[in-house]
Amino acid sequence: MSDAELVLRSTRVITPDGTRAASVAVADGTITAVLPYDAPVPEGARLEDLGDHVLLPGLVDTHVHVNDPGRTEWEGFWTATRAAAAGGITTLVDMPLNSLPPTTTVAHLRTKQRVAADKAHIDVGFWGGALPDNVKDLRPLHEAGVFGFKAFLSPSGVDEFPHLERDPLARSMAEIAALDGLLIVHAEDPHLLASAPQQPGPRYADFLASRPRDAEDTAIAQLIREAKALHARVHILHLSSSDALPMIAEAKAEGVRLTVETCPHYLTLTAEEVPDGASEFKCCPPIRESANQDLLWQALADGTIDCVVTDHSPSTADLKTDDFATAWGGISGLQLSLAAVWTAARERGHGLEDVVRWMSARTSELVGLDTRKGAIAAGRDADFAVLAPDETFTVDPAALQHRNHVTAYSGKTLYGVVKSTWLRGQRIVADGEFTEPKGRLLTRQS
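Residues numbered from 1 in each chain as written. Predicted model: local features only at pLDDT ≥ 70, side-chain atom pairs only at ≥ 80, totals over all residues. Heavy atoms only, no water.

Let us now look at the sheet that holds strand S8 (residues 123-126). The sheet built from 3 strands is open, its strands ordered S6-S7-S8 with parallel pairing. Whereas interior strands pair on both sides, the edge strands pair on one side only; in this sheet they are strand S6 (59-64) and S8. Averaged over all adjacent pairs, the angle separating strand axes in this sheet is 20°, with direction ignored. Contacts between helix H1 (residues 77-86) and the sheet are confined to strand S7 (89-94) and S8, with S7 contributing the most and set at about 140° to the helix. (Pairing = 2+ DSSP bridges. Helix = DSSP H or I, 4+ residues; strand = E, 2+ residues; numbered from the N terminus. Axes fitted to C-alpha atoms, helices over the stretch in contact; angles between N-to-C directions. Contact = heavy atoms within 4.5 Å.)

If you want it as structure tokens, here you go:
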């Protein structure tokens, strides 16, 4: 600890070994030691006494649509990363679509990196995209440092990012498996979606019927078969259907290299509470019934679901019309994800250690950043969130840092106020005041 420049002290520090009173020493942006609470502060080091506020590792959100460049009026790196920092997120991985160009070639990746470089308030990495015609680009993107490859099995909602039918999926998965890369998949079967009842209008029940659970279940079954045959690493994005959980658990038990995420909105919002015409609740796959939600929580508790990420997918307010069939599908959740999940978790008997595991440790592990991120331990980046877990706030859309102040959480009272967020030992936001951007661009080799 003699070389420490900074010591953060709290009666509640969440470490891989549990929550305890501790002093966390930091030098050159890295945690050098986690020591007893009353360890002496070295001469020249600055002490930050956090009292009883909880010190937890900064969250790592591996599913964010920043949309920059090209659709920056929907969101951008400046606003998205400020929102993330305000919510205790210190690392995000940006999805390859909804920006123009999409991240489907190395040249397009470089474009995104140039745009993000001076706007990132937190650390930012990038996913590549797997399209029907870009198998030749997957290896170069992998070598350029993307964290894996996103694919859709059903239409994505934007023309420049077409989905993969069965044969292109097999070709892409085989190439990614040869790289020992990671394929992350929006899993809904397009044929079952096409045959589901399509009734335009404001009724949420009609929209829910148009995205049946069977579409998810069938697509996931296909992915499990392909992953098993190719010994490929496959990650299921934004799981909403609890009906798929038994086959997922069975596949994992058989050694299929499968991981699964779900999202705060599936864990905290229910179909029963969505008002007709309120398309701020629209996402694909959809928010389902409360009984379905209970099973998702059980799967988180037993490890069938690995992690929780936002799938932050914003748009301009005018695209959130009162017709569920035509409104843009996406939930804006970056700034509120920690509080939303913690509010629901505490009601179900889970602790903050569980939330950290789902939203920091396992997400870091998913993308291979677990030697630097995701834990308060010696050798990790000094990325922290300081949380008052018992304080509440009422969500005011106008107070959000997202570019467009549209949220499904409007008016909800949530537990967990983020007092400050730290990136590599530097406080980047405290009580709503931000520093200039200090984030770095990450690659898979980082």
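Don't stop here, the text continues.
Relative to each other, helix H11 (residues 337-347) and helix H12 (residues 352-366) sit at 135°, their axes nearing to 10 Å. By the angle between their axes, H11 is oblique relative to H12. Helix-helix and strand crossings are classified by hand; for H11 and H12 the assignment is right-handed. Each of Ser 337, Leu 338, Val 341, Trp 342 and Ala 345 in H11 lies in contact with H12, whose residues at this interface are Leu 352, Val 355, Trp 358 and Met 359. Considering only residue class, the contact of H11 with H12 consists of 8 nonpolar, 1 polar and no charged. (Parallel < 35°, antiparallel > 145°, perpendicular 65-115°, else oblique. Left-handed = near helix turned anticlockwise from the far one by under 90°. Nonpolar A, V, L, I, M, F, W, Y, C, P; charged D, E, K, R; others polar.)

Looking now at the environment of Asp 180. Position of Asp 180 among the secondary structure elements: in the loop between helix H4 (166-178) and strand S11 (182-186). Residue Asp 180 is classed as partly exposed on the basis of its relative accessible area, which comes to 44%. Each C-alpha atom, one on Asp 180 and one on Gly 432, is 42 Å from the other, the two residues being 252 residues apart in sequence. Setting aside its immediate chain neighbours within four residues, Asp 180 contacts Arg 233 and Arg 257. Within the structure, Asp 180 has its side chain in polar contact with the side chain of Arg 257 (distance 2.9 Å). (Buried < 20%, exposed > 50% of the residue type's maximum accessible area, 1.4 Å probe, protein only. Polar contact = N/O pair within 3.5 Å; in protein donor to acceptor, adjacent residues only side chain to side chain.)

The next point concerns the packing of aromatic side chains. For the coordinates displayed, the defined rule picks out 7 aromatic pairs. Considering the side-chain rings of Phe 77 and Phe 126, the 6.2 Å spacing of their centres and the 65° angle between planes classify their relative orientation as edge-to-face. Placement of Phe 77 in helix H1 and of Phe 126 in strand S8 is noted, with a sequence separation of 49 residues between them. Assigned by exposure class, Phe 77 and Phe 126 land together as buried. With a centroid separation of 5.9 Å and 75° between ring planes, the pair formed by Phe 152 and Phe 161 is classed as edge-to-face. Comparing Phe 152 with Phe 161 shows no difference in burial state: the two are buried. (Phe/Tyr/Trp six-rings, centres within 6.5 Å; stacked < 30°, edge-to-face > 60°.)

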